[in-house]
Amino acid sequence: MSQWLNLSVLISVVQKFTTIALIAVAGLLAGCATPNAVVEIKGEAMYRERIALPSEAKLIVQLLDVSKMDVPAVVMAERVAQGAQTPTQFSFTMGRDQFETGHTYAVGARIMLGDKLLFINTQAYHIDLNATEPMMILLEKIGG
């Protein structure tokens, strides 16, 4: 009889450990699917001048890795809007795993008419990966 009692206690303990292990695995899997796995960078690019641009003008907004000094920034993503107006909204949605710890990221924007640069951002717009507020990118007119 005591062997039967020991066996039933052992089975009960194994079932409890199995249940705890399954709950732990489910918690880990649920953690992988959290909204924190995605980073959304959004904002508006605008210029101050009260002028309408030709419909052929393009707003180009880039998500850049600007970590390395003395080398060109690495373009991680790009959005092109035909018929650039002010303001023009943009957004990037990327996996958090695409951003490396210790790196610096920024958004750069410019307006082109064919091969001619019309507007560009003249200050750095660094990205806070935890920010929820939209960015405002100010573009400066090139030339007279």
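Each chain has its residues counted from 1, following the order in which its sequence is written. Whole-chain, interface and lining totals are the exception, using all residues; otherwise, since this is a predicted model, local features are given only for residues with pLDDT of at least 70 and side-chain atom pairs are given and counted only at 80 or more. No hydrogens and no water enter the side-chain calculation; it runs on all heavy atoms of the structure.

Chemist: Describe the pairing of strand E1 (residues 38-47), and please don't skip the residues or the numbers.
Modeler: Burial of the side chains of E1 is restricted to one face: Val39, Ile41, Gly43, Ala45 and Tyr47 are buried, whereas none of Val38, Glu40, Lys42, Glu44 and Met46 on the reverse face is. Strands are labelled as partners when DSSP assigns at least two bridges between them. Secondary structure elements follow DSSP: runs of H or I of four or more residues count as helices, runs of E of two or more count as strands, with numbering from the N terminus. Pairing of E1 with strand E4 (residues 88-95), which is carried by eight bridges, proceeds in the antiparallel orientation. Residue pairing across strands places Glu40 opposite Thr93, the latter belonging to E4. As paired elements, E1 and strand E7 (residues 135-141) share five bridges and run parallel to each other. Paired with Gly43 across the bridge in E7 is Met135. Only protein chains enter the accessibility calculation, which uses a 1.4 Å probe; a residue is then buried when its area is under 20% of its type maximum, exposed when over 50%, and partly exposed in between.

Chemist: Before we move on, can you summarise the environment of Phe119 with the specific residues and values?
Modeler: Locating Phe119 in the fold gives a position in strand E6 (residues 116-121). Residue classification places Phe119 among the buried residues on the basis of a relative accessible area of 1%. Placed 24 residues apart in sequence, Phe119 and Gly143 show a C-alpha to C-alpha distance of 9.1 Å. Throughout, a residue-residue contact means that at least one pair of heavy atoms, one from each residue, lies within 4.5 Å. Residues in contact with Phe119, not counting those within four places in the same chain, are Tyr47, Glu49, Ile51, Leu53, Arg110, Ile111, Leu139, Glu140, Lys141 and Ile142.

Chemist: For the sheet that holds E7, give the residues involved together with the corresponding values.
Modeler: Strand order in the open sheet formed by seven strands is E3-E2-E5-E6-E7-E1-E4, and the pairing between neighbours is mixed. Whereas interior strands pair on both sides, the edge strands pair on one side only; in this sheet they are strand E3 (74-82) and E4. In this sheet, adjacent strand axes meet at a mean angle of 25 degrees when their direction is disregarded. The sheet contact formed by strand E2 (residues 58-65) and E3 spans eight bridges and is antiparallel. Residue pairing for E3: Leu64 is matched across the bridge by Val75. To get an axis, a line is fitted to the C-alpha atoms, and for a helix only the part in contact is used. The angle between two axes follows their N-to-C directions and goes from 0 to 180 degrees.

Chemist: Quick one: what's the story with the side chain of Asn121, residue by residue and with numbers?
Modeler: Positionally, Asn121 belongs in strand E6. Among the polar contacts made by the side chain of Asn121, one reaches the main-chain amide nitrogen of Ala109 at a distance of 2.8 Å. When sequence neighbours within four positions are dropped, the list of residues in contact with Asn121 reads Val107, Gly108, Ala109, Ile137, Leu138 and Leu139. Here a polar contact means two N or O atoms within 3.5 Å. Within protein one must be a hydrogen donor candidate and the other an acceptor candidate, and residues neighboring in sequence count only if both atoms are side-chain atoms.

Chemist: Explain the nonpolar core to me, using residue names and the numbers behind them.
Modeler: Core analysis: the biggest nonpolar cluster contains 27 residues, and Ile41, Ile111, Ile137 and Leu139 have the highest contact counts within it. Put simply, the parts of the chain that give this core at least two residues each are E1, E2, E4, strand E5 (105-113), E6 and E7. Only buried Ala, Val, Leu, Ile, Met, Phe, Trp, Tyr and Cys residues count toward a nonpolar core, and they belong to the same one when joined by side-chain atoms within 4.5 Å.

Chemist: A description of unusual backbone geometry should follow, citing residues and the corresponding values.
Modeler: With an omega of -10 degrees, the peptide bond running from Thr86 to Pro87 counts as cis. Within the element layout of this structure, Pro87 appears in the loop between E3 and E4. In this structure, Asp70 is a non-glycine residue whose phi angle is positive, near 65 degrees. Mapping Asp70 onto the fold places it in the loop between E2 and E3.

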